[in-house]
Amino acid sequence: MNIKWDEFFVTGDPLILGAQISIVLTMVGIIALLTYLKRWTWLWREWLTTVDHKRIGIMYILSGVVMFFRGGIDGLMMKAQTAVPENEFLNAQHYNEVFTTHGVIMILFMAMPLLIGIMNVIIPLQIGARDVAFPQLNALSFWLFFSGAMLFNISFVIGGSPDAGWTSYFPMAGKEFSPSIGNNYYAIAIQIAGIGTLISGINFIVTILKMRTKGMTLMKMPMFSWTTLITSIIIVAAFPIFTVALALMTFDRLFGAHFFTVSGGGMDMLWANLFWLWGHPEVYIVVLPAFGIFSEIVSTFSRKRLFGYTSMVIAVAGIAFLSMLVWVHHFYTMGSGPAVNSVFSLTTMLIAVPTGIKMFNWLFTMRKGRINFSTPMLWTLAFIPCFLIGGTTGVMLAMAAADFQYHNTLFLVAHFHYTLIPGVVFAVFAALYYWWPKMFGHKLNEKIGKWHFWLFVIGFNFTFFPMFFLGLDGAVRRSFTYSAESGYGPLFLLSAIGSAVLAIGFAMFVYNIYWSIRHADRNISSDPWDARTLEWATASPVQDYNFAKLPEVKTLDAFWHMKKDNEGLTIEDKEIKDIHMPNNSGIPFFMGVVFTVAGFFLVFEWYIPAAIASLGIFAGLIIRSFDYNDGHHIHAEDVRKVERKWRNRKGEVHKHVG
Amino acid sequence: MKMKKLSIYLFAIISIFLLTGCETNMVVFNPQGPNAETILGLINWSLLWMAIVIIVVMGMFITFIWKYRERPDNMDYEPPEEHGNTKWEIIWTAIPFLIVIALLIPNIQALYALEEVPEGYEDKEPITIHVTGADWKWIFSYPEEDIETVNYVNIPEDTPIIFKMTSAGTMQSFWVPALGGQKYAMAKMETELILTADNPGSYMGKNSNFNGPGYAEMEFEVLAQTQAEYDEWVEEVKERAPELTEEKYIELLKPTHLGRLTFNGTHLQWINHADPNSNSYTNPQLYYREHGYKGKTFDEEDNYKNADEMIENEHGGDSHHEH
């Protein structure tokens, strides 16, 4: 027990006190609401124990949006602090915690769950399957992610947040220089979430390889399925590296080992290498699915087949391959010598080639098309110029010699926000506007959506474009303040104003969700965008079993051709048979709880309680091993009833023939 | 209408901001030495190519979305099913590839050039200065002159300076943007950076690698002087500055902010932190001395909440007792 009890809760900071109070009030509010509405059994049966990929996906997306809010508040706090020189809104320690949690949350607890959530909802539908390969494992993935995210998030009210940057470089992040338990949260919480992600990766590889519907060969898969497959392969290749690195970090921090601890003979550079061996593929893990999303949308809204499909697939595979070979470009300045830096300059710059191929293919998909400017397409269009800036500055950074002047400056910060925000956030918004009807049976409002779009995109550019100039003028990242003489003031202020606009844009998004849930038209076709892929051959919202009869695929853009040839859109009573579905299970939720508890004790270095709690993990594994429950059947008659209800509506292309 | 007015205002404000941004002459675009000049050449070369790429792609982008937008009069237009076009796909694979080569070759040349004494300065005898980064100050040791400075370094102009860098604890990045690119300073490791100042002047140097609560203020000044001024400064230090003692040096290494300090003698006589076997005086071992054995958690007194006091009070670390 090496923590003082009076330091258990973080005290003495009015901002954190406000957060603590609001957390308590929110929790009380949720509990009261659930009790008042008598929704506890509903919550347990329909959500907490679900193994349905669509519901799991929605839970991922919900958590991702909440984490976006949290990470966004961190970002706004940083912008407020640096808006004027020598500001005293945050002190150095608080600022360090804020940028650390901002980085970790935005990458691991915002981008990842939003994308994995969208994959969960869409991939089985796109490949014509009834669920993922391992539904219960899928639920476990979610609950481990959720456990990691919650553990990481409570750090700022209990015990203190990590403060060594999202990269947590040693020796800084070691016990010698960061004795606080904040960095234990980093080691443990990310580890738990990482296990969940790794399981997701395996699950999606198996799902896509084994569960495609009849006739869907790999080269007839929609582009989003392709990028998900390749992303999952990178996950399986890269995440174990991080798992090992975090385990070594845990040994160093908790048990006094010296893998990275310099004073004990360890190697701090090893951490940097291992971290980026995972970290660089990680940015492709988040950006490749986004490329897939844009490919789907650009093709749907130009009413044209994706241009150069084969070269797109090769380009994605090429990016994935190169992503494992570029990690050193994150520390050209470590002094590895000109030969090493030359090689990694080459591999890094080569990424521009497949990325360029994708860019031109998207442009040529629009050429000769008929471009409809609905909100999903607007996000896709805004992505192109913004990502172009991110990409070209990326090539500039890839040049090792030039990087000596950009490294660790705001130029770099501007660059990666110009890749990650258009590449991931725009894609997630595009995907949510696009696939919202599949999840909830109604569209998001287009008018509010356009407000959201314009505010967010304009705010984004004002926030990050000035940072290029600041960086070239010598402003470094992660610095909580700067002097008035430095002359950085005006551009920092502009950036802060931009971030406020960005935040209003996000608020419009939240408002749009609220408005659409309340008022949006429920009476829409199951295919409101006149789309091309199989997920649109289901009802909106999608039936539990996805497809009453598994579709048969003959071409790429299968659903588009089904509509054109009027083939396979009808279903007859006799074609509908009993459907086998997996049963709900409480084990994944239980595992999430024990992982959280064990992780929490481990963070505080309370080993005996941690050991006792982790017995629960083994208990969960054992119970699952002897679980012979192999699902249930939905009877044909029930399926017929559901199908009859949604097909044959006005404007619906699907028909039910009695 | 309202929107239009608003956007005009917005545009005006932006232009003012951006113009002021450009007028300040960004430091990277104002090189004061051969190292920074080499890098600037490379940056300008890459900016040229990237500008071409942006113009081409944006030209296509704007043309396509304008020309092929959905209009009330083309609603019955059904786009053709285009699979791709091998010729174009080869073109837009090959051209970026050639651009990569055009950028890579000068980049490799620059990488090798930056490791050497710059061209035209070979006949000048270079000066070696040891740099030790510590929490949160820079310590400069002149082995030839046998003097040590903290948070400032005086150098003669037109003379290549070989900075041999290491750290007494956390990882830092040594950066003088006006003179050249940066490199890390790491404990038990030595990195080398050759910088030369073409003109006398004061240049801001800083740590760009985050290393804790005192990071933002970890700056130093490089003062380039004429040879005569420099010699005079060395003379003066030799006469006036106090002798550096081992106790004083240990005091320097504590996590503190210090102003400028000057000493006779260098700490290299006791320790070179670049030596992989150096095992005394490094900052973590200050903790070890207080705490029994290596690796044991540094609980209680060293909790991060004390960090603020340690910055203000350089005796903050002395209150530990044996466990």
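Participant: When you look at the overall build of chain B in this model, what are you seeing that I'm missing?
Facilitator: Helix and strand counts for chain B come out as 7 helices and 11 strands. Residues counted as buried form 52% of the 323 residues belonging to chain B. Sequence separation of 24 or more characterises 68% of the internal contacts of chain B that already satisfy a separation of 6 or more. As displayed, chain B offers around 15,300 Å² of accessible surface, 59% of which is attributable to carbon and sulfur atoms.

Participant: Would you mind showing me how to read the sheet that holds strand β9 (residues 201-207) of chain B here?
Facilitator: Strands pair in a sheet through their backbones, by hydrogen bonds, and they do so in one of two ways: parallel or antiparallel. Residues and elements named next belong to chain B. Overall, mixed pairing links the 5 strands, which are arranged β4-β10-β9-β6-β7 in an open sheet. The sheet is open, and its two edges are formed by β4 (152-156) and β7 (183-185), each paired on a single side. Taken over all neighbouring pairs, the strand axes of this sheet differ in orientation by 30 degrees on average, direction set aside. Two strands pair when backbone bridges link them, and strand β6 (residues 172-175) and β7 are joined in this way by 3 bridges, in the antiparallel orientation.

Participant: How should the pairing of β6(B) be read in this particular structure?
Facilitator: Residue and element names in this part refer to chain B. Burial along β6 is two-sided: Gln172 and Phe174 facing one way and Ser173 and Trp175 facing the other are all buried. In this structure, β6 lies alongside β9, joined through 2 bridges in antiparallel fashion. The partner of Trp175 across the bridge, within β9, is Lys206.

Participant: Help me understand the packing of aromatic side chains, please; the structure alone is not making it clear to me.
Facilitator: All names here are of chain A. Within the structure shown, the criterion is met by 91 aromatic pairs over all chains. The interplanar angle of 70 degrees and the centroid separation of 5.8 Å between the aromatic rings of Tyr95 and Phe99 together place this pair among those described as edge-to-face. On the criterion of helical spacing, the pair formed by Tyr95 and Phe99 is a turn pair, its members being 4 residues apart in helix α4 (residues 92-126). The two residues Tyr95 and Phe99 agree in class, both being buried. Considering the side-chain rings of Phe426 and Phe460, the 5.7 Å spacing of their centres and the 75 degrees angle between planes classify their relative orientation as edge-to-face. Pair noted here: Phe426 is in helix α14 (residues 410-440) and Phe460 is in helix α15 (residues 446-472), with a separation of 34 residues, a long-range link. Pair check on accessibility: Phe426 and Phe460 agree, each one buried. Across the ring face of Trp47, the terminal group of Arg55 is positioned such that the distance to the ring centre comes to 4.8 Å. The ring of Trp560 carries Arg532 above its face, with NZ or CZ at 4.3 Å from the centroid.

Participant: How should the domain arrangement of chain B be read in this particular structure?
Facilitator: Accessible area lost on assembly of the parts is the figure often given for the size of an interface. All names here are of chain B. Here chain B is described as being made up of domain 1 (23-54 + 90-115) and domain 2 (127-269). A C-alpha centroid distance of 30 Å is found between domain 1 and domain 2. Where domain 1 packs against domain 2, one counts 1 salt bridge. Here Lys183 and Glu115 are joined by a salt bridge, their closest N and O atoms 3.2 Å apart. Our count for the contact surface shared by domain 1 and domain 2 stands at 7 residue pairs in polar contact (both at pLDDT 80 or more).

Participant: So what exactly am I meant to see when it comes to the nonpolar core here?
Facilitator: Ranked by internal contacts, the top residues of the largest apolar core, which has 285 residues, are A:Trp271, A:Phe426, B:Phe163 and B:Phe174. Two domains each provide a minimum of three residues to this core, namely domain 1 (23-54 + 90-115) and domain 2 (127-269) of chain B. With sequence-adjacent residues up to four places away left out, B:Phe163 is seen in contact with B:Ile129, B:Val131, B:Phe140, B:Val153, B:Phe174, B:Thr191, B:Glu192, B:Leu193 and B:Leu195.

Participant: How should I be thinking about the packing of α4(A) against helix α6 (residues 182-210) of chain A in this particular structure?
Facilitator: A pair of packed helices can be characterised by two numbers: the angle between their axes and the separation between those axes. All names here are of chain A. For the pair α4 and α6, the least separation of the axes is 12 Å and the interaxial angle reads 25 degrees. In terms of their interaxial angle, α4 and α6 are classed as roughly parallel. Viewed along their axes, α4 and α6 form a crossing whose handedness is left-handed. On α6, the residues touching Val104, Leu108, Phe109, Met112, Ile116, Met119, Asn120 and Ile123 of α4 are Tyr186, Ile190, Ala193, Thr197, Ser200, Phe204 and Ile208. Residue classes in the contact of α4 with α6 are distributed as 12 nonpolar, 3 polar and no charged.

Participant: Where do I start with the environment of B:Phe163 in this structure?
Facilitator: Residues and elements named next belong to chain B. Among the structural elements, Phe163 can be located in strand β5 (residues 161-167). When its relative accessible area of 1% is taken as the criterion, Phe163 is described as buried. Taking C-alpha positions, Phe163 is 15 Å from Val150, a pair spaced 13 residues apart along the chain.

Participant: When you look at the sheet that holds strand β1 (residues 127-134) of chain B in this model, what are you seeing that I'm missing?
Facilitator: Residues and elements named next belong to chain B. Taking strand neighbours across the sheet as the criterion, the 6 strands line up as β8-β5-β1-β2-β3-β11 in an open arrangement whose pairing is mixed. Edge positions in the sheet fall to β8 (191-195) and β11 (261-264), since each of these pairs with one other strand and no more. Averaged over all adjacent pairs, the angle separating strand axes in this sheet is 20 degrees, with direction ignored. Relative to β11, strand β3 (residues 147-150) runs antiparallel, the two being bridged by 4 bridges. Within β11, the residue paired with Thr149 across the bridge is Thr262. Relative to strand β2 (residues 137-142), helix α5 (residues 246-253) is tilted by about 145 degrees, and along the sheet it contacts β1, β2, β3 and β11.

About the criteria used
Residues numbered from 1 in each chain as written. Chains lettered and ligands numbered in written order. Predicted model: local features only at pLDDT ≥ 70, side-chain atom pairs only at ≥ 80, totals over all residues. Heavy atoms only, no water. Helix = DSSP H or I, 4+ residues; strand = E, 2+ residues; numbered from the N terminus. Buried < 20%, exposed > 50% of the residue type's maximum accessible area, 1.4 Å probe, protein only. Contact = heavy atoms within 4.5 Å. Areas by Shrake-Rupley, 256 points an atom, 1.4 Å probe, with all protein chains shown as cover. Pairing = 2+ DSSP bridges. Axes fitted to C-alpha atoms, helices over the stretch in contact; angles between N-to-C directions. Phe/Tyr/Trp six-rings, centres within 6.5 Å; stacked < 30°, edge-to-face > 60°. Lys NZ or Arg CZ within 6 Å of the ring centre and 35° of its normal. Domains from an automatic or database assignment. Salt bridge = Lys/Arg side-chain N within 4 Å of Asp/Glu carboxyl O. Polar contact = N/O pair within 3.5 Å; in protein donor to acceptor, adjacent residues only side chain to side chain. Core = buried A, V, L, I, M, F, W, Y, C linked by side-chain atoms within 4.5 Å. Parallel < 35°, antiparallel > 145°, perpendicular 65-115°, else oblique. Left-handed = near helix turned anticlockwise from the far one by under 90°. Nonpolar A, V, L, I, M, F, W, Y, C, P; charged D, E, K, R; others polar.

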